[in-house]
Amino acid sequence: MTTTRKLVVFTDLDGTLLHPDTYSFEPAIPALRLIKEKGIPLILSSSKTRAEMEFYRKKLDNHHPFISENGGALFVPKDSFSFPFPYDRETEEYFVLELGQSYAQIVEVFEIVKAETGMRMRGFSDMTDEELISLCGLSPEEVRFAKKREYDEPFVMEGGEEEVQLVKRKMGEKGMRYVWGGRFHHLTGKNDKGKAVRILKELYENQLFSIATVGIGDSLNDIPMLLVVDHPIFLKGEGTPLPEALSSIPNLTIVNGTGPQAWNDIMLRIIG
Ligand SMILES: [Mg+2]
C-alpha cells in the first residue's frame, strides 16, 4: 500500500489470526514479524475475554491496546498514549473503557429469554469445564480464562434460523444485542467491535496525526468493525455463503479462505 499515513491494524482472533479449530497462528508469523518490524500497532479485537486475550498477547509478544468480548471493553496499556483521555476504571496495567453491560445483567437477561421463549439454550454460565473443553477444543487452562467473562455470554441453542430470529428479537426487546460469532451465538450489551474501534482510531489519530486503518475478520460480529476502518477485509470460509450485510461495507476486500494462512497472505500484500 502506498501511503504516508501510519497504518493501524485491527484484527479478529478466532478463524482470522487464529486457526478456527487449532487456534494456531503459526502460518501468520511472517506477516506478524513484518508488522512488528514496521512498528505498526496490531490491535486484537475478539469475542474472547480479557484473560484469554492476555494469554494470546503474551504468545504474540503484543503490547498494544485490545478489545475484548465483542467490544464490551477496551483495555489500553498505560504507556500507549502520551496524552490523557477519559476511561471508566483503571487496573495496575490498563486504563479500561467499558462499553458493555455487566456479565451479571447479561446472564440475567439470558435466563429470562430462555424462560420466555422456551428455547433449549445453554450459555457458558450453564456449562461445566468438561463441556467447554469438548465444545471449544480448549485446554483446561484456556477454559478457565474463557469463563472469566465480564461483558458477553456465548451460547449454543437448538433450532434453525427461525428460532434464532425469535431469540434475537427477544434479546433486542430487553435492550441487549444478539450476534453470531462464528462458533457460538452471543448475547452482549449495546456494544460492538465497531464502537470500540472508533474510539481507538481517535486515540491513534491524536497520537500519530494521520493514520490509515485496516480491519480483518471472518464473521458477522466483525461487520461493525469492518464498517469503520479504511481497508476492511473479510475472510470467507469455504462453502459458507457471503453474509448479506457485507454489501453495506464500502471498499471491502473479500479473501477466499480463513485462518492464519489467509491472514498472512493478505497482510503481506497490504503492508509488504
Ligand atoms: Mg472470528
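Just so it is clear, the model here is predicted, and its values are computed rather than measured. (Residues numbered from 1 in each chain as written. Predicted model: local features only at pLDDT ≥ 70, side-chain atom pairs only at ≥ 80, totals over all residues.)

**Student:** Talk me through the domain arrangement of the chain; I want residue IDs and the actual numbers.
**Tutor:** For the chain, the domain assignment lists domain 1 (6–100 + 192–271) and domain 2 (103–188). Put simply, the middle of domain 1 and the middle of domain 2, counted by C-alpha atoms, are 23 Å apart. With 18 residues of domain 1 at the contact, the number on the domain 2 side is 17 residues. Per-element tally for the side of domain 1 that touches domain 2: the top contributor is helix α2 (residues 50–60), with 4 residues. Its residues assigned to classes, the side of domain 1 that touches domain 2 shows 4 nonpolar, 8 polar and 6 charged. (Domains from an automatic or database assignment. Contact = placed C-beta atoms within 7 Å. Helix = DSSP H or I, 4+ residues; strand = E, 2+ residues; numbered from the N terminus. Nonpolar A, V, L, I, M, F, W, Y, C, P; charged D, E, K, R; others polar.)

**Student:** Kindly report on the environment of Ser 46, identifying the contributing residues and their values.
**Tutor:** By secondary structure assignment, the location of Ser 46 is in the loop between β2 (42–45) and α2. Considering only alpha carbons, one finds Ser 46 and Glu 69, 23 residues apart in sequence, at a separation of 5.9 Å. Contact partners of Ser 46, with chain neighbours within four places excluded, come to Asp 12, Leu 13, Asp 14, Met 53 and Ser 68.

**Student:** Please provide a residue-by-residue account of the environment of Pro 84, values included.
**Tutor:** Tracing the backbone through its elements, the reader meets Pro 84 in the loop between β4 (73–77) and β5 (89–90). Sequence separation of Pro 84 and Leu 203 is 119 residues, and the distance between their C-alpha atoms is 9.8 Å.

**Student:** Can you tell me about the nonpolar core, naming the residues and giving the values?
**Tutor:** Among the nonpolar cores identified, the biggest contains 56 residues, and Val 9, Ile 43 and Leu 74 are the most heavily contacted of them. Composition of this core by domain shows at least three residues from each of domain 1 (6–100 + 192–271) and domain 2 (103–188). Setting aside anything within four residues of it in sequence, one finds Leu 74 in contact with Pro 65, Ile 67, Leu 97, Leu 99, Ala 196, Ile 199 and Leu 200. (Core = buried A, V, L, I, M, F, W, Y, C linked by C-beta atoms within 7 Å. Buried ≥ 20, exposed ≤ 12 C-beta atoms within 10 Å, placed from the backbone.)

**Student:** Account for the sheet that holds strand β1 (residues 6–11), naming residues and giving values.
**Tutor:** Pairing is mixed in the open sheet, where 9 strands are placed in the order β5-β6-β4-β3-β2-β1-β11-β12-β13. Two strands lie at the open edges of the sheet, namely β5 and β13 (253–256), each paired on one side alone. Note: strand β11 (residues 211–217) against strand β12 (residues 231–236), 4 bridges, orientation parallel. The residue of β12 that forms the bridge with Gly 217 is Phe 234. Contacting β1, β2, β3 (66–68), β4, β6 (94–98) and β11, helix α7 (residues 193–208) crosses the sheet at an angle of about 155° to β11. (Pairing = 2+ DSSP bridges. Axes fitted to C-alpha atoms, helices over the stretch in contact; angles between N-to-C directions.)

**Student:** Break down helix α3 (residues 103–117) for me, with residues and values.
**Tutor:** The end-to-end C-alpha separation of α3 is 21 Å, in line with the 21 Å expected for 15 residues at 1.5 Å each. Buried within α3 we find Tyr 103, Ile 106, Phe 110 and Val 113. With its buried residues spanning 85° around the axis, α3 presents them on a single face. Set apart from the buried face of α3 by more than 90 degrees, the exposed residues are Ala 104 and Ala 115. (Expected span 1.5 Å × (residues − 1). Arc of directions from axis to C-beta.)

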